[in-house]
Each structure stands twice: as C-alpha cells, then as structure tokens.
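Chains, contacts and geometry: an overview
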Amino acid sequence: MKSAEKAYDDLKNKLLSELPLYIEEINKKYNDGIILEQFTNTGNTTNSLKAPYWKINFETADYSEKDILIENTVFKFSIELHATGNGEELMRKLWRYGEAINGIGLKILQMKNEKYLVIFTCF
C-alpha cells in the first residue's frame, strides 16, 4: 500500500503536469468571454503565489478488506482553489476548474466553499 505522502506527491505531479492541458481544453470548449488562467503553482507551497492557485489538503485514507488484499488504498484529498473574479464569474471559473480536475481522472465528491473533495486511488 502506498503512503499518504507518496499519494500526495503523485496527486501534486498529476495537477502540475496534466491540469494545464485540460484548462486549455475547457477554454476552447466554452466561448462566453470567461477565460481560465493557468494555475501559478510549481508545488503545494502557497506563500508567494498569486491567484489562481491550488492547495492540496489530506483528508482521509480508506482500506477495505479487499483493498488490503490487492494492496489498494483510497485517499481523499481536498483541493482548495483560489481564483480571480467575483460573483457569477468566479463561480463559473470554479466550476470549470472542477471540470478540468475531473478531466485528469480525479473523482470529485463535492464542492464547497471553493474546495473540491476528490478521491485519489493508489495501487
């Protein structure tokens, strides 16, 4: 079974390498004047970042009897998004960023207060 730290690193690398491509796809898909900017992250440190950026927080790890046998671990992380804009424009951006996050293969459980709770399965 993978550790939470390894899963965290895998998730971070997935966000850094795959998310920019999906953001470009989302921008092409919608043509309403709202453009998603690329995230400014190069890691999970948010000390000097300018919006838009994301921050990953570990939530839980689940193991069922089957998971232990096949060495599978299901981790839950929240991805906190910080974007520019306000009102309806900000909400559209957050939903579209969520669509991009879903596009890289993360299962979104919920979105609340600019945080997406996602499941990340490690084998």
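Before going into details, it helps to say that this report is about the structure given with it. The numbers attached to residues start from 1 for each chain and follow its sequence in the written order. Local features in a predicted model are, by the rule used here, given only for residues with pLDDT of at least 70; side-chain atom pairs are given and counted only at 80 or more, and totals for whole chains, interfaces and linings are based on all residues. Each side-chain value is derived from all of the structure's non-hydrogen atoms; neither hydrogens nor water enter the calculation.

Turning to the overall build of the protein chain, a few remarks are in order. What the protein chain contains, in helices and strands, is three helices and four strands. Considering only contacts in the protein chain between residues 6 or more positions apart, those separated by 24 or more positions represent 58%. Accessible area of the protein chain: about 7,200 Å², with a carbon and sulfur share of 49%. The helix count covers DSSP runs of H or I at least four residues long, the strand count covers runs of E at least two residues long, and both are numbered beginning at the N terminus. In this analysis, two residues are considered to be in contact whenever any of their non-hydrogen atoms come within 4.5 Å of each other. Only the protein chains shown count as cover for residues, with accessible areas throughout obtained via the Shrake-Rupley method and a probe of 1.4 Å.

Turning to the pattern of salt bridges, a few remarks are in order. Criterion for a salt bridge: a side-chain nitrogen of Lys or Arg within 4 Å of a carboxyl oxygen of Asp or Glu. Here the structure, examined in full by the defined rule, presents seven salt bridges. Note that Glu88 and Arg92 form a salt bridge whose closest N and O atoms lie 2.7 Å from each other. Here Arg92 and Glu88 lie together in helix 3 (residues 87–103), a separation of four residues that amounts to about one turn. Using a 1.4 Å probe on the protein chains alone, a residue whose accessible area is under 20% of its type maximum counts as buried, one over 50% counts as exposed, and one in between counts as partly exposed. By relative accessible area, which is 54% here, Glu88 ends up exposed. Its relative accessible area of 34% is what places Arg92 among the partly exposed residues.

Structurally, the position occupied by Asn27 is in helix 1 (residues 4–29). Distance and chemistry together define a polar contact, namely a pair of N or O atoms within 3.5 Å, with one atom able to donate a hydrogen and the other to accept it when in protein, and with adjacent residues in sequence counting only for side-chain atoms on both sides. In this structure the side chain of Asn27 is engaged in a polar contact, spanning 2.7 Å, whose partner is the backbone nitrogen of Leu36. In contact with Asn27, not counting residues within four places along its chain, are Ile34, Ile35 and Leu36.

The next point concerns the environment of Leu94. In this fold, Leu94 is placed in helix 3. Judged by relative accessible area, which is 0%, Leu94 ranks as buried. Separated by 17 residues in sequence, Leu94 and Met111 have C-alpha atoms that sit 9.2 Å apart. Not counting chain neighbours up to four residues away, the residues in contact with Leu94 comprise Leu81, Ala83, Met111, Glu114 and Tyr116.

With that out of the way, let us pick up the packing of aromatic side chains. Two rings belonging to Phe, Tyr or Trp (six-membered ring only in the last case) form a pair when the distance between their centres is within 6.5 Å. Interplanar angles under 30 degrees mark stacking, angles over 60 mark edge-to-face geometry, and anything in between is tilted. A complete count under the given rule lists four aromatic pairs for this structure. Measuring from centroid to centroid gives 5.6 Å for Phe58 and Phe77, while their planes differ by 75°, and the two rings are edge-to-face. With Phe58 in strand 1 (residues 53–62) and Phe77 in strand 2 (residues 73–82), the pair connects residues that are 19 residues apart, well separated along the chain. A residue is classified by how much of its surface remains accessible, and Phe58, at 43% relative accessible area, is partly exposed. Put simply, the rings of Phe58, Phe75 and Phe77 pair up and form one aromatic cluster.

What follows is about the environment of Thr73. Mapped onto the fold, Thr73 is located in strand 2. Assessed through its relative accessible area of 0%, Thr73 is described here as buried. Separated by 70 residues in the primary sequence, Thr73 and Ser3 place their C-alpha atoms 8.5 Å from one another.

We now examine the packing of helix 1 against helix 3. Only the stretch in contact is used when a helix axis is fitted, and all axes are lines through C-alpha atoms; the angle between N-to-C directions ranges over 0 to 180 degrees. The N-to-C vectors of helix 1 and helix 3 enclose an angle of 130°; their axes lie 9 Å apart at closest approach. Regarding the angle of helix 1 to helix 3, the classification is oblique. Between helix 1 and helix 3 lies a crossing of right-handed hand. Packed against helix 1, whose contacting residues are Leu19, Tyr22, Ile23, Ile26 and Lys29, the element helix 3 presents Arg96, Tyr97, Glu99, Ala100, Ile101 and Gly103 at the interface. Grouping the constituent residues of the contact of helix 1 with helix 3 by class yields seven nonpolar, one polar and three charged. Oblique is the label for any angle not under 35 degrees, not over 145, and not in the 65 to 115 range, which are roughly parallel, roughly antiparallel and roughly perpendicular in turn. Crossing handedness is defined as follows: a turn of the near helix away from the far one that is anticlockwise and smaller than a right angle gives a left-handed crossing, while the clockwise case is right-handed. Each residue is assigned to one class: nonpolar for Ala, Val, Leu, Ile, Met, Phe, Trp, Tyr, Cys and Pro, charged for Asp, Glu, Lys and Arg, and polar for all the others, Gly among them.

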